[in-house]
Amino acid sequence: MDLYDVMRTTFACRDWTDEPVSHETVHRILDNARFAPNGGNRQGWHVIVLDDKETRRRLIPLIEPTTSIYAAQTMAGESPWNSITPSSVDPAEAAAAGHSFPGLDKMVDAPVVLVITVDLSLVASFDKELDRVGVISGASIYPFVWNILLSARNEGLGGVLTTYLAGQEPEVQKVLGIPSHHAVAAMVPLGVPVKQLTKLRRAEVSEFTTIDSFDGPTFESPASGE
Ligand SMILES: Cc1cc2nc3c(=O)[nH]c(=O)nc-3n(C[C@H](O)[C@H](O)[C@H](O)COP(=O)(O)O)c2cc1C
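Residues numbered from 1 in each chain as written. Predicted model: local features only at pLDDT ≥ 70, side-chain atom pairs only at ≥ 80, totals over all residues. Heavy atoms only, no water.

Attention now goes to the side chain of Thr25. By the secondary structure assignment, Thr25 is in helix α2 (residues 23–33). A residue is classified by how much of its surface remains accessible, and Thr25, at 14% relative accessible area, is buried. Residues within four places of Thr25 in sequence aside, it is in contact with Glu155 and Leu157. (Helix = DSSP H or I, 4+ residues; strand = E, 2+ residues; numbered from the N terminus. Buried < 20%, exposed > 50% of the residue type's maximum accessible area, 1.4 Å probe, protein only. Contact = heavy atoms within 4.5 Å.)

Every residue near the ligand is listed here: Phe11, Ala12, Arg14, Met107, Val160, Leu161, Thr162, Thr163, Tyr164, Leu200 and Arg202. A distance of 2.9 Å separates an oxygen atom of the ligand from a polar atom in the backbone of Ala12. The protein chains hide 60% of the 630 Å² of surface that the ligand would expose on its own. Here the residues of the shell around the ligand sort into seven nonpolar, two polar and two charged. (Near = heavy atom within 4 Å. Polar contact = N/O pair within 3.5 Å; in protein donor to acceptor, adjacent residues only side chain to side chain. Areas by Shrake-Rupley, 256 points an atom, 1.4 Å probe, with all protein chains shown as cover. Nonpolar A, V, L, I, M, F, W, Y, C, P; charged D, E, K, R; others polar.)

With that settled, consider the packing of aromatic side chains. Scanning all chains against the criterion turns up one aromatic pair. Between the aromatic rings of Trp45 and Phe144, the centroid separation amounts to 4.2 Å while the plane-to-plane angle is 10 degrees, which identifies the pairing as stacked. Here Phe144 lies in helix α7 (residues 142–154) and Trp45 lies in strand β1 (residues 45–49), a separation of 99 residues in the sequence. On the basis of relative accessible area, Trp45 is assigned to the buried category, the value being 15%. (Phe/Tyr/Trp six-rings, centres within 6.5 Å; stacked < 30°, edge-to-face > 60°.)

The next subject is the environment of Thr162. Here Thr162 is to be found in the loop between β3 (158–159) and α8 (169–176). What makes Thr162 buried here is its relative accessible area of 5%. In this structure, the C-alpha to C-alpha distance between Thr162 and Val188, residues 26 residues apart in sequence, is 6.1 Å. Residues within four places of Thr162 in sequence aside, it is in contact with Met107, Ala185, Ala186, Met187 and Pro189. Within the local environment of Thr162, its side chain forms a polar contact with the backbone oxygen of Met187, the two atoms lying 2.7 Å apart.

Here Gln43, not a glycine, exhibits a phi torsion of approximately 50 degrees, which is positive. Mapped onto the elements, Gln43 comes out in the loop between α2 and β1. Despite not being glycine, Asp212 has its phi angle at roughly 70 degrees, a positive value. For Asp212, the position within the fold is in the segment after β4 (182–191). By relative accessible area, Asp212 is classed as exposed at 83%.

Here four strands make up an open sheet; going across it, the order is β1-β2-β4-β3 and the pairing antiparallel. Edge positions in the sheet fall to β1 and β3, since each of these pairs with one other strand and no more. For β3 and β4, the ladder comprises two bridges, and the chain directions are antiparallel. Each bridged residue has a counterpart across the sheet, and for Gly158 the counterpart in β4 is Gly191. (Pairing = 2+ DSSP bridges.)

Listed under "domain: Nitroreductase" (unreviewed entry) in the UniProt record, and renumbered for this structure, are residues 12–191. This span, residues 12–191, is 37% helix and 14% strand, and a straight line between its end C-alpha atoms measures 12 Å. (UniProt positions renumbered as here; feature names shortened; annotations may be inferred.)

As structure tokens, then:
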């Protein structure tokens, strides 16, 4: 497939057929994903292939408080879990409300479930002294996670990068035996998609690109005659 077609159509797949996916395929996916860029080439990633169904199910109650807060904040018209605007939603109340998150069972019952962690003792987090939430550490793990999804696509599979497991990270670390200096970066379910989407909704380049400064002139498509 043409690389641009892959980039434009690798969607967040949350619905899979029952067709099993072999360890051999999962190994091939990881064997190709490992060439992802990462800070200082320290490769702090660790992947847990979650075969055990019981263990997978133990993750559901660890995800629900996070998704409940997400749902309550969304219903309140907020951009959920953002780190800038204080929320009007009481997190304890929202978590206890147990807003159901559609499809969570399906996620943990997917043919393959991977949990990906990153060793923060290896990652250079150049923004760690700034007075805002860190984003740089993620850059040493998410290219790898995205490579997993691209490799999966190449195998005829689909999946989704999820992060809601991180909301209860200490509990997740206990359940899966993850050391405390490893951040829980993602849970990625994979399988054969029930259907392949071909059109993703994204803003146009001109809506997010400017010249010379953030408020500079819009970077228009040369084809538009600018
Ligand atoms: C950093 C990140 C975190 C995400 N977290 C979740 C998540 O916790 N749960 C989930 O169902 N999807 C999650 N997603 C998937 C997004 O919802 C999805 O990529 C986005 O809606 C675009 O979907 P599309 O490619 O099908 O258009 C996440 C994606 C990214 C990149």
